[in-house]
Structures are given as C-alpha cells and as structure tokens.
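Listed below are the residues making up each chain.
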Amino acid sequence: STKKTILSGIQPSGRLHLGNYFGAIRQHLEFQEKGDAFYFIANYHSLTSLQDGKKLHDYTLDVALDYLALGMDPEKCTFFAQSDVPQVLELSWILGTLTPVSLMEKGVSYKDKIAQGLQPNIGLFTYPVLQAADILIYGSDIVPVGADQKQNIEISRDLAARFNHVYGGEYLRIPEPYIVESVATVPGVDGRKMSKSYDNTIEIFDSGKALKKKVMSVVTDSKALEEPKDPDSCNVFALIKLFADEQKIREVRENYLSGGYGYGHAKKELLALVSDYFKEARDARHELAKDPDTVRDMLREGGRKARVRAESVMEPVREVAGI
Ligand code: ADP
Ligand code: NA
C-alpha cells in the first residue's frame, strides 16, 4: 500500500493517567486514521524491570482493555503484543552484532534508569537495539515520539543504515521521528509533572469516590474564597483547560479573576469535566473486561498480521546475512 507505516510501542506498566492520555494516547488514536499504524504492547521491554509473570500478564491485558476502550480500533490499525512477533528478537540479535558498545554507553535513557535505581541488566543496556528492531521490522516510515525519545530513534536510523551499508542494499527502511508537540506537560495533583513515579496521578479510569478524592487533593495556594485568583498559575485550571471547551474555559477564567469563586468550586468543575469526558470509555472498558478472551483473540489476530509484515522484512535480511 502507499500509506505510510506508523509505529509506536505502549508500555504495559500499570494504570494509565491523564498525562499519558494527553501526551500520548490521544495522538495514537489520531494516527490510526492517518496511515498504516502498528501499535504493540511492549512486554519484552517491560521484562527489563518487571520480573513477575502474573503482573506482566495482567498489565498486558489491562493496557489492551484501556486502549480498546479509549478508541483503538483493530479494524483501523494492527494492535498486538510484542512477543507475538518472535522475529523481532531475531532482528534484534542481528542488529546487536552491528552495534558498538560505545553507542549503548552513550544512551541517556539507560543512565536515567540506573540513576532511578533500576538494576543495570543487559536487557536494559541493549534496550535501544530491541527498540530499533521493533521499528525496523515493520518497515516503519514514521515513529511518533516525545522529544525525550529522539536519541533512540537516531539509534534505529543508525543501525538500519549500518545494516544496509554492511550488506550492500536497501534492506531496512530508515524511519523518521515525528516529534509530537507536547501538550503543555500535564501537572499531577502535587503540581509536579504527572507521573507514576511521583505517585501524583489522576487515572483515566478512576471514577466515583476515588476520582473525587484525587481531584480534591490537587494542590492550590491558600487564597480565600472571595479573593481574585490567578488562573494561569493554578494546577486545577491547567487541568480544566485540557477538558473544557473554549467557552467553558473563558467562563472559569473570569470566575477566577473576579473572586467569589473558590478552589472548591473549580475542583467540582474539574471533577464533572473529567468524569464526563471518559464516561463512554469507562462504560466500554467495563463491557470489554467481561470478556477477556475476546480481547486476547483480538491481540492474537493483530499478532498474526504483524508477523506477516515482519516476515516479509526478515526473509531478505536472513538471506543476505547468511542465516
Ligand atoms: P510515567 O511518567 O507515568 O511513567 P510514561 O513515561 O510511561 O509515564 O509515559 C508514557 C507516555 O505518556 C509518554 O509518551 C509521555 O510523554 C506521556 N506522558 C507521561 N506523563 C505525561 C505528562 N505529565 N504530561 C504529558 N505527557 C505525559
Ligand atoms: Na516518564
């Protein structure tokens, strides 16, 4: 087909939060309309830091449920588990034989992870090689990533070019990063960047009391109800802006500026907005979760489609490498 191939991986690492939604998931959903999208649940990558089979299995199903409920459509894209395409490990090994150790040693994400206290295992160290295989094995044209991932895409481009140079042909397509303009970083309830690691998240599928508790805990200054307030330095307002339409945003902004509108009011507004925004997705997830076998079948079918593509890239690669 003439459509561009788009590739992205999704970490199965627990429950998804508003930062994930506005920073990544929303773009994934848009991209399934724009090209031939391949989205894989990165379970081999997760093994580098999660060595608990039951958990990894559960997280994989969870993230599949989350994405499907939010609008991932297996009719429009290829949605699968990384491990359903064993060819990716084959390519990863071959690329590893072309990867200078010094290239991995320069990797910023490895250094970051070690600094965060993760065990420096070989899987973690060579993660960018597996990531390159993930990208190159589908002949990906475009890899949508946050700015922080640019270096890893450079490594993928470098390894594809090395392979093509060493074996004398255009065997692996050189991918282009597509740097997703980040929506302003979504703040967590404590005002820092929303992140699992900071335990300051509001989860997409939170509802009822749990959602209310989180929203009510968003940190604000201590201005009294009657005082005018600055919307642009307020975490509650920053979150409201993600969900509300133009008119609502203007209305809330005016309320802040004019005083007589407390943070409690703003939080109630936010609670209603979040709850409403994800209502359909929550209902959809509830239905899907009743039938996990169907979801697993969907992933398996995605895996089958992905293997066909992967094999078409691997066949000439094996042949030229003499394997
Ligand atoms: P976490 O920080 O919770 O571990 P991840 O690193 O797994 O989140 O992020 C997955 C995706 O979600 C990435 O593409 C990242 O850019 C995006 N993302 C995560 N947190 C935020 C945030 N607070 N604001 C915007 N995007 C975010
Ligand atoms: Na992060």
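Residues numbered from 1 in each chain as written. Chains lettered and ligands numbered in written order. Predicted model: local features only at pLDDT ≥ 70, side-chain atom pairs only at ≥ 80, totals over all residues. Heavy atoms only, no water.

Q: Which residues make up the site of ligand 1, and what are the values?
A: Every residue close to ligand 1 is listed here: His17, Gly19, Asn20, Gly23, Ala24, Thr185, Val186, Lys193, Met194, Ser195 and Lys196. Within the side chain of His17, a nitrogen or oxygen atom sits 2.7 Å from an oxygen atom of ligand 1. Per-class residue counts for the shell around ligand 1 are three nonpolar, six polar and two charged. (Near = heavy atom within 4 Å. Polar contact = N/O pair within 3.5 Å; in protein donor to acceptor, adjacent residues only side chain to side chain. Nonpolar A, V, L, I, M, F, W, Y, C, P; charged D, E, K, R; others polar.)

Q: Outline the nonpolar core, listing residues and values.
A: Grouped together as the largest cluster of nonpolar side chains are 54 residues, with contacts concentrated most on Leu18, Leu70, Phe79, Ile202, Ile204, Phe243 and Tyr256. Ranked by the residues each element gives to this core, the list is headed by helix H3 (residues 53–70), at eight residues. Inspection of this core shows a minimum of three residues originating in each of domain 1 (5–185 + 292–321) and domain 2 (206–277). (Core = buried A, V, L, I, M, F, W, Y, C linked by side-chain atoms within 4.5 Å. Buried < 20%, exposed > 50% of the residue type's maximum accessible area, 1.4 Å probe, protein only. Helix = DSSP H or I, 4+ residues; strand = E, 2+ residues; numbered from the N terminus. Domains from an automatic or database assignment.)

Q: With reference to specific residues and values, describe the pairing of strand E1 (residues 5–10).
A: With five of six residues buried, E1 lies mostly within the body of the structure. In the sheet, E1 pairs with strand E2 (residues 36–41) via six bridges, with the strands oriented parallel. Among the inter-strand pairings, Ile6 is bridged to a residue of E2, identified as Ala37. Handedness of the crossover joining E1 and E2 through helix H1 (residues 18–34) is recorded here as right-handed. (Pairing = 2+ DSSP bridges. Right-handed = clockwise from strand over helix to strand, strands pointing away.)

Q: Give a detailed account of the packing of aromatic side chains, specifying residues and quantitative values.
A: This model, assessed by the stated rule, comprises 20 aromatic pairs. Their ring planes at 85 degrees and their centres at 6.1 Å tell us that Tyr21 and Tyr277 sit as a pair that is edge-to-face. One end of the pair, Tyr21, is in helix H1; the other, Tyr277, is in helix H13 (residues 263–277), with 256 residues separating them in the sequence. A relative accessible area of 9% places Tyr21 in the buried class. When the ring of Tyr67 is compared with that of Phe79, the centres are 6.3 Å apart and the planes differ by 35 degrees; the resulting orientation is tilted. Of this pair, Tyr67 sits in helix H3 while Phe79 sits in strand E3 (residues 77–81), placing them twelve residues apart in sequence. The class of Phe79 is buried, set by a relative accessible area of 4%. (Phe/Tyr/Trp six-rings, centres within 6.5 Å; stacked < 30°, edge-to-face > 60°.)

Q: How would you sum up the packing of H3 against helix H14 (residues 279–289)? Please name residues and give values.
A: The angle between the axes and the distance between the axes are what describe a pair of packed helices. Two numbers describe how H3 lies on H14: the axes approach to 8 Å, and their chain directions differ by 135 degrees. Here H3 lies oblique to H14, going by the angle between them. Where H3 crosses over H14, the handedness of that crossing is right-handed. Residues Asp62, Leu65, Asp66, Leu68, Ala69 and Leu70 of H3 form the contact with H14, whose participating residues are Ala281, Ala284, Arg285, Leu288 and Ala289. (Axes fitted to C-alpha atoms, helices over the stretch in contact; angles between N-to-C directions. Parallel < 35°, antiparallel > 145°, perpendicular 65-115°, else oblique. Left-handed = near helix turned anticlockwise from the far one by under 90°. Contact = heavy atoms within 4.5 Å.)

Q: Can you tell me about the pattern of salt bridges, naming the residues and giving the values?
A: What the rule picks out here adds up to 23 salt bridges. Residue Arg15 pairs with Glu203 through a salt bridge whose shortest N-O separation is 3.0 Å. Here Glu203 lies in the loop between strand E5 (176–179) and helix H10 (208–216) and Arg15 lies in the loop between E1 and H1, a separation of 188 residues in the sequence. For Arg15, a relative accessible area of 46% corresponds to the partly exposed category. Between Arg285 and Asp66 there is a salt bridge; the shortest N-O distance is 2.5 Å. In this pair, Arg285 is assigned in helix H14 and Asp66 in helix H3, connecting sequence segments 219 residues apart. Neither residue differs from the other here; Arg285 and Asp66 are each classed as buried. (Salt bridge = Lys/Arg side-chain N within 4 Å of Asp/Glu carboxyl O.)

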